[in-house]
Amino acid sequence: MKRNLLNLFFVLIALNGITQNPGYMGSKWVVYGSTAISPALNNRYLDLDREGNSSVSNVSINARFDISTDYTLSKAVVFGGSVKHITTNIPYAYYTVDLNNAISPYDVASYFGDVKLNANFASLYIKFYPFGRRGVIAPVGNYNKFELIIGMIGGKTGGWSSDFYDPELSRYNNNGESLILPEFSDLNYQLDEKVVGLVYTFGNSWAFTDKLLFDFSTQFGWLIGSNIFSDISPSDNSGEAESTYEQQAIDRVQGAFLMNFNFGIGYFIF
Amino acid sequence: MRSAGTVPEDFTKLSSEKFQEDRENISTGSSSERRDQETFLLESNFLMDDILHSGRVIFGDPVTNYLNELKDIIFEDNAETRESIRIYTLLSNEVNAFTSDNGIVLVSTGLLAQVENEAQIVFILCHEFNHYIKKHAINNYVENQRIERGSGIYRSLGAGEVDLEKFRYSKELESEADDLGLYLFKKTNYSIAEAQGVFDVLLYSYLPFDEVEFDTTFFDDESYNFPQQYFTDTVSTITAEEDYDDEESTHPNIKKRRDAMLIAAKKIKEEGRQTFIVGEEKFRYIQKLCRYQGCEIYLSDIEYEDAIYQAYLLLLEDSTNQYLKNVITQALYGLSMYHNADATPDWHRYYKKVEGNSQQVFYFMYKIPEYDLNILALKHAWESHLANPENKQMNDICVQLAKELVTKNDALLSSFYDEQRIKTLEVKSKIEENDTITTEKIEEPKIEKVKTKYDKIKKETPEVEEKKEQNSTYWKYAFVDYMRDPDFRNLFDIEKEVEIEDSNYKSKKSKIEYNLGVNEIVVVDPVYVSIDERSKNPVEYEAAESARLELKDKIFTSAEKLDLKVEYVDHNGIAPNDAETFNDLALLNRWISEKLDHLDEDVDMINTTNDEFAELATKYNIDNFAWMGIIAFREREKYIGGKIVLCLFYPAAPFLIYDMIKPNFNTFYFTLVVNSKTGLVEMQYFNKTKVNDNESSQNSNIYYMLQQIKTKHKK
């Protein structure tokens, strides 16, 4: 993979050597800060709110923050990379872990509440400006961007979690057989697999003065392993709970990539 | 002819400023009429400025000064009107004069070349001045708008009657200008009787300034005689009718105008009136200037047959004039290049459409094969070159014609070589040199000085000549006089030339990349056009002018980043005492206009004014000149129905709705770079973008265009 990427990079550099590369009035290297917002399209895993009412509204928003850098290779091609930080959450989640009779009379310990997800991604991308077809000259104008992302997802206790001493919640704790854990981290789940995905973006960028670059784009992304369009019910089987969480976490982050609107401000370094 | 003296404000003031000033003087009227007046003033100011900046209008030259003398005579006792009218000379062979609403009167050199006397030109000026005094231009526009809207008395007009009503109103104004013109004319001391001939000038204005039979041996010499099959036995008769149907004409027909004048003229005493007041000598001098200028105009307008006939007419009076011979050479060169490229400009007249004696030239050029014409052009070019070997342009023409002859017409130098014939001529030449009695007679063409063009037209009867025998190799001895000349023979050694030419040649394909490696450039009067087709008045004059002014800064900013030295010449930057720069711009605009015509037809040839253009390189100390521009075009989104259906796929709806609301953008960026020393187009860049003409797109494209000029080719 690395070799292929390097080969691609060298081909692009070589292309740059035989054609004019105006950049934007000579500036070719841009650093962007951008934010992406998207509707939280993920399924709810428990269909009840904390008061036990059903049909709770699903609407929420995923936020993402990127720092990226572009280098203009030719009139039509820009190469770049970015780091992305995504915060989202799994609301009203219910996860369990086997206690194996270790420290308590309970077989299973469970966490019920919001799980705050933090995902960090790095990416490499290539942007194509249709100089031949639409006459735009990189890095301003309309573009199509193809991005390969790789990252990790981590979870922690979210904004709300159940109270161990709250009798109202006893109906969720498996008839009193489950130990309610106050923190998600107490479950000791580990999602150590790298998540890989592809993102396609179409957008438009325009310069303001000769130093700033504004960018507005729409993105569509897919994380490999995502199962976002399938219903995943919370598992009562504690043995499967960790993989359920893993799937749900990926799906939740997938929600932040599936479709979003991105606004960025760039600065021409040189 | 060149402009001289102080540059009038008409040429340097921004069109938008002129418009704003004129707008303040809009007379009262209904809101729609005021709006129409505003539209007229906006369009007329910008369009008039386009003409003033075209390089075809000059001031302070002898012709303009002469016209101003006539104006002073007409308004001897009316200083206010005299000062408010500004006359300039229009370099055009059209027989025409026209007046703008704000007092600019343009008189074409073609008109001055054709009128018979001063009284006639004064009558025409009186007519034009009244168009200004009575505000005919703006009134005509406003009335036309009322007719189109069907306002007031025009309410019941049928669809076919709208145009006729417009013509009727225009004719009414023209008749008024004639009547009032005659009233103004009467106040002068010019002869009414002499002025009446002006209607013959107008009637036969589509003909050259004289009607003289074209000598079919004009291109012949002792060894080189054209077969008569290339000439027509009779030329078309002149068919102009003065009592034509003028229903769909903006002017009353000539008969009506003439009759009206005759009736009015009866009331005016002719006694003591003069044909010339400024003076006949000056009139003849001015007319001669205009006729000579006409040759150049025909050449730059790619009307080569007309140029030949005009130069032929002038040669009848001055048979040794090298300037006129050069005109004929350049016309033959142009015709040969166009024939070889199998190209014909849209405005070229087919010989059957030509009337009178000039038809013979059109017929000849139609009949002569490419090969033969190429030989004829080269022969004339070489003779012109020998007459003035320092003339680089003529030398370049010889080189190119020889190359064309060899590469396109597959000619060999040996085809023209006949040792026996050369020796015979050499012996003959020596005998003539030793002969103490000069036997050589320069055959002067017949000059008919008594009859005017109009007398000849009215009495003309075509003569029939006997056809000579056909000789298909008559051209064999075309170059026999020069075959011993090594310089001439070297013309045919073209292998090396082809290579040089090819390395300079650039494809016309858009978006090809250039690397000129140029460090300095003159940017000539950039163009900015903005058109919004969705609007009732689609041309956005004021916005475009403002954007054009901003272009200057953008060009300098990008040039500075590229370390490219830029000299910028535009009309708005000309100082009042800088007529020289105005003349430079006029030359540059005429030069590029001619070049674009050649490029349009895919004919790679040397422009008429290449030598003058090359002199600018010395003046500016920069070889390369760039014409840059932006044309922004917006139109309604197409295929809306299909997109509405696609909106049924609701995730795509927001994008489709946005796409339907926004206009379609097409912005064109272009740059043409020419090396003034060689006259070669070094760069012909064109980028059609489908985005709007926002700042960053402009900057991006301007930088890229200049980068291609600056960057050296990577090898």
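Residues numbered from 1 in each chain as written. Chains lettered and ligands numbered in written order. Predicted model: local features only at pLDDT ≥ 70, side-chain atom pairs only at ≥ 80, totals over all residues. Heavy atoms only, no water.

**Regarding the overall build of chain A**
Logical step 1: From N to C terminus, chain A includes three helices and nine strands.
Logical step 2: Helices and strands appear in chain A in the N-to-C order α-β-β-β-β-α-β-β-β-β-α-β.
Logical step 3: Relative to its 270 residues, chain A shows a buried fraction of 49%.
Logical step 4: Considering only contacts within chain A whose residues lie at least 6 apart along the sequence, 75% involve residues at least 24 apart.
Logical step 5: With the model as given, the accessible surface of chain A reaches about 12700 Å², and the carbon-plus-sulfur share is 59%. (Helix = DSSP H or I, 4+ residues; strand = E, 2+ residues; numbered from the N terminus. Buried < 20%, exposed > 50% of the residue type's maximum accessible area, 1.4 Å probe, protein only. Contact = heavy atoms within 4.5 Å. Areas by Shrake-Rupley, 256 points an atom, 1.4 Å probe, with all protein chains shown as cover.)

**So, unusual backbone geometry**
Keep in mind that most residues, glycine aside, have a negative phi and that most peptide bonds are trans.
Logical step 1: With an omega dihedral of 10 degrees, the bond running from Ala 138 of chain A to Pro 139 of chain A counts as a cis peptide bond.
Logical step 2: As for its placement among the helices and strands, Pro 139 of chain A is situated in the loop between helix H2 (131-134) and strand E5 (141-161).
Logical step 3: Of note, the phi angle at Met 25 of chain A is positive, near 50 degrees, even though the residue is not glycine.
Logical step 4: With respect to the element layout, Met 25 of chain A can be found in the loop between helix H1 (2-18) and strand E1 (29-39).
Logical step 5: On the accessibility criterion, Met 25 of chain A (5% relative accessible area) is buried.
Logical step 6: A positive phi angle is found at Asp 563 of chain B, which is not glycine, with a value near 60 degrees.
Logical step 7: Inspection of the secondary structure assignment puts Asp 563 of chain B in the loop between helix H23 (541-562) and strand E7 (565-569).

**A short note on a nonpolar patch on the surface**
All names here are of chain A.
Logical step 1: Together, Ile 37, Ile 61, Trp 206, Phe 216, Phe 261, Phe 263 and Ile 265 make up an exposed nonpolar region whose accessible area comes to about 650 Å².
Logical step 2: Tallying contributions element by element places strand E9 (residues 259-268) first for the nonpolar patch, with three residues.
Logical step 3: Mapped onto the elements, Ile 61 comes out in strand E2 (residues 61-72). (Patch = residues over 30% accessible without salt bridge, like charges linked within 9 Å, V, L, I, M, F, W, Y side chains within 5 Å. Salt bridge = Lys/Arg side-chain N within 4 Å of Asp/Glu carboxyl O.)

**Details of the side chain of Glu 143 of chain B**
Logical step 1: Note that Glu 143 of chain B resides in helix H8 (residues 136-149).
Logical step 2: With sequence-adjacent residues up to four places away left out, Glu 143 of chain B is seen in contact with Tyr 154 and Tyr 169 of chain B.

**A word on the sheet that holds strand E3 (residues 97-99) of chain B**
Residues and elements named next belong to chain B.
Logical step 1: Spatially, the four strands line up as an open sheet ordered E1-E2-E4-E3, and their pairing is mixed. With partners counted over all chains shown, the strands left at the sheet margins are strand E1 (57-58) and E3, one partner each.
Logical step 2: Relative to strand E4 (residues 104-108), strand E2 (residues 86-90) is paired through five bridges, and the arrangement is parallel. Bridged to Arg 86 within E4 is Ile 104.
Logical step 3: Along the sheet, helix H4 (residues 62-74) makes contact with E1, E2 and E4, crossing E2 at roughly 145 degrees. (Pairing = 2+ DSSP bridges. Axes fitted to C-alpha atoms, helices over the stretch in contact; angles between N-to-C directions.)

**Notes on the nonpolar core**
Residue and element names in this part refer to chain B.
Logical step 1: Within the largest apolar cluster, 66 residues are counted, with the highest numbers of intra-cluster contacts made by Phe 219, Phe 226, Met 365, Leu 378, Phe 479 and Phe 488.
Logical step 2: Residue assignment for this core shows that the elements contributing at least two residues are helix H13 (280-300), helix H14 (304-315), helix H15 (322-340), helix H16 (359-367), helix H17 (370-387) and helix H18 (392-407).
Logical step 3: Dropping the residues within four chain positions of it, Phe 488 is found in contact with Leu 378, Trp 382, Leu 413, Phe 479, Tyr 482 and Met 483.
Logical step 4: Counting residues in hydrophobic clusters, the runner-up holds 48 residues, among them Leu 67, Ile 87, Val 201 and Phe 276. (Core = buried A, V, L, I, M, F, W, Y, C linked by side-chain atoms within 4.5 Å.)

**A closer look at the packing of H15 of chain B against H17 of chain B**
The description of two packed helices rests on the angle between their axes and on the distance between the axes.
All names here are of chain B.
Logical step 1: Two elements in contact, H15 and H17, have axes whose closest approach is 8 Å; the angle formed by their N-to-C orientations is 150 degrees. Here H15 is positioned roughly antiparallel relative to H17, judged by the angle of their axes. Helix-helix and strand crossings are classified by hand; for H15 and H17 the assignment is left-handed. Residues Gln 322, Lys 325, Asn 326, Ile 328, Thr 329, Leu 332, Tyr 333, Leu 335, Ser 336, His 339 and Asn 340 of H15 form the contact with H17, whose own contacting residues are Glu 370, Leu 373, Asn 374, Leu 376, Ala 377, His 380, Ala 381, Ser 384 and Ala 387.
Logical step 2: Classifying every residue of the contact of H15 with H17 by side-chain character gives nine nonpolar, nine polar and two charged. (Parallel < 35°, antiparallel > 145°, perpendicular 65-115°, else oblique. Left-handed = near helix turned anticlockwise from the far one by under 90°. Nonpolar A, V, L, I, M, F, W, Y, C, P; charged D, E, K, R; others polar.)

**Description of the packing of aromatic side chains**
Logical step 1: The tally for this structure, following the rule as stated, stands at 58 aromatic pairs over all chains.
Logical step 2: Ring centres of Phe 214 of chain A and Phe 263 of chain A lie 6.3 Å apart, and the angle between their planes is 15 degrees; this geometry places the pair in the stacked category. Of the two residues, Phe 214 of chain A is situated in strand E8 (residues 212-223) and Phe 263 of chain A in strand E9; the sequence distance between them amounts to 49 residues.
Logical step 3: Taken together, a centroid distance of 4.9 Å and an interplanar angle of 65 degrees make the contact between Tyr 224 of chain B and Phe 226 of chain B edge-to-face. (Phe/Tyr/Trp six-rings, centres within 6.5 Å; stacked < 30°, edge-to-face > 60°.)

**Considering the confidence of the model for chain B**
Residues and elements named next belong to chain B.
Logical step 1: Of the residues in chain B, 90% reach a pLDDT of 70 or more, and the chain-wide mean stands at 85.
Logical step 2: Ranking the elements of chain B by mean pLDDT puts helix H22 (residues 495-504) last with 45 and E2 first with 96.
Logical step 3: Counting interchain partners and residues more than four positions distant, the pLDDT-below-50 stretch residues 496-509 has 16 contacts.
Logical step 4: Complex prediction metrics read pTM 0.83 and ipTM 0.81. (pLDDT = per-residue confidence, 0-100.)

**Quick notes on the interface of chain A and chain B**
Logical step 1: Across the contact, 28 residues belong to chain A and 25 residues belong to chain B.
Logical step 2: Interface area, chain A with chain B, both sides summed: about 1900 Å², of which 56% is carbon and sulfur.
Logical step 3: For chain A, the biggest contributors to the area lost against chain B are Gln 20, Met 25 and Arg 134 of chain A; these three give 36% of the whole.
Logical step 4: Taken together, the connections running from chain A to chain B amount to two salt bridges.
Logical step 5: Across the chain A-chain B interface, the total number found is eight residue pairs in polar contact (both at pLDDT 80 or more).
Logical step 6: Counting residues per element, the ones that place at least two in the side of chain A that touches chain B are H1, H2, strand E7 (195-208) and E9 of chain A.
Logical step 7: Of all the elements, H2 of chain A adds the most residues to the side of chain A that touches chain B, at four residues.
Logical step 8: Across the side of chain A that touches chain B, the residue classes break down as 13 nonpolar, 11 polar and four charged. (Buried area = accessible area lost by both parts, 1.4 Å probe. Polar contact = N/O pair within 3.5 Å; in protein donor to acceptor, adjacent residues only side chain to side chain.)

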